[in-house]
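Read off the chains here:
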Amino acid sequence: MSIQTVGIIGAGTMGNGIAQACAVSGINVVMVDIAQAAVDKGVATVAGSLDRLIKKEKLTEAQKTSALALIKGSTNYDELKAAQLVIEAATENEELKVKILKQVDGLLAPEVIVATNTSSISITKLAAATGRADRFVGMHFFNPVPMMALVEIIRGLQTSDATHDAVKDLAKRLGKSPITVKNAPGFVVNRILVPMINEAFFVLADGIASAEDIDNGMKLGCNQPIGPLALADMIGLDVCLAVMEVYLKEFGDSKYRPCPLLREMVAAGRLGRKTKQGVYTY
């Protein structure tokens, strides 16, 4: 299948980032959200991001104009009918995603591929909520989408080879480096990353080193651009805790036990950058 138009459900951080990546690559985009204000904000965010690329001389004014012309914002789900691929990028809430997927499944032609940008919810389970399980796939972009090269292509139990290949090809057209992943909690990156963050909290709680020294140790010793505790603040400590709890439940393995200090900080409302205080103060 030749994908000429991509539909995106959700104009937030991930949705507008995916829209930008598609439009800059010359692909038509239909970006929908429930409120016009959200759609307008999403388009404005893309414009601002493109302006920053112009200042860095990575994009021309003409390229910005061309990219923005390819993005159509709407609150009408019927506009998604023009797409050969629809990517659901709504809030990370299973009930909400299932509701949205059932709604769009009834609108789209049978051959249209549907993808979800979920970072934690079972692709197999979400696929079962649609009538096109063989044409359903996970397409996990990383934030910020325009800058991050990785896309995890997650196959549900029912995902066909043709669906996987079409989405992988699209990721390459966007200039991304896709990896193929089986459906499992956390997929690949978060399965490794979040337990590492959790272990950093155990090291901090045990008083082995200060937060600054833990982060500096990982940056200098493992060539990481940001330490695990600072990264936790960026992600949100509540998100890190929720992911660990999913792993503990799904795998039933004590190695995924959330650090008590992480639990305590979340209970105190110290969630990281979004609350101005987490491991560090902002």
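Criteria and thresholds
- Residues numbered from 1 in each chain as written.
- Predicted model: local features only at pLDDT ≥ 70, side-chain atom pairs only at ≥ 80, totals over all residues.
- Heavy atoms only, no water.
- Helix = DSSP H or I, 4+ residues; strand = E, 2+ residues; numbered from the N terminus.
- Rg over C-alpha atoms; globule rule 2.2 N^0.38 Å.
- Buried < 20%, exposed > 50% of the residue type's maximum accessible area, 1.4 Å probe, protein only.
- Contact = heavy atoms within 4.5 Å.
- Areas by Shrake-Rupley, 256 points an atom, 1.4 Å probe, with all protein chains shown as cover.
- Lys, Arg positive; Asp, Glu negative; His and termini not counted.
- Charge placed at Lys NZ, Arg CZ, Asp CG, Glu CD.
- UniProt positions renumbered as here; feature names shortened; annotations may be inferred.
- 1 Å grid on protein atoms, 1.4 Å probe; cavity = no way out; pocket = protein on both sides within 12 Å on 5 of 7 lines; lining within 4 Å.
- Points joined across faces, edges and corners; volume = space filled by probe spheres on them.
- Nonpolar A, V, L, I, M, F, W, Y, C, P; charged D, E, K, R; others polar.

(A) Layout of the overall build of the protein chain. The number of helices and strands found in the protein chain is 11 helices and 8 strands. Relative to a compact globule of 282 residues, whose C-alpha radius of gyration would be 19 Å, the protein chain shows 20 Å and is just as compact. On the principal axes, the C-alpha backbone points of the protein chain span a range of 55 × 45 × 35 Å. For the protein chain, with 282 residues in total, the buried portion stands at 46%. A sequence separation of at least 24 residues applies to 65% of the contacts in the protein chain between residues at least 6 apart. As displayed, the protein chain has an accessible area near 13,400 Å², and 54% of this comes from carbon and sulfur atoms. Across the protein chain, 30 positive and 29 negative side-chain charges occur, with their mean positions spaced 2 Å apart.

(B) Focus on the UniProt feature "domain: 3-hydroxyacyl-CoA dehydrogenase C-terminal" (unreviewed entry) in the protein chain. On the UniProt side, "domain: 3-hydroxyacyl-CoA dehydrogenase C-terminal" (unreviewed entry) is annotated at positions that read residues 186-282 here. Helix makes up 62% of residues 186-282 and strand 0%, with an end-to-end C-alpha separation of 28 Å.

(C) Molecular detail of the layout of surface pockets. Considering only enclosed or pocket space, the second largest pocket measures out at about 340 Å³ in volume. In this structure, the second largest pocket is lined by 19 residues; those nearest its centre are Thr45, Ser49, Arg52, Pro144 and Pro146. Taken together, the elements giving at least two residues each to the lining of the second largest pocket come down to helix 1 (13-24) and helix 2 (36-55). Here the element with the most residues in the lining of the second largest pocket is helix 2; it accounts for 7 residues. Here the lining of the second largest pocket is composed, by residue class, of 8 nonpolar, 8 polar and 3 charged.

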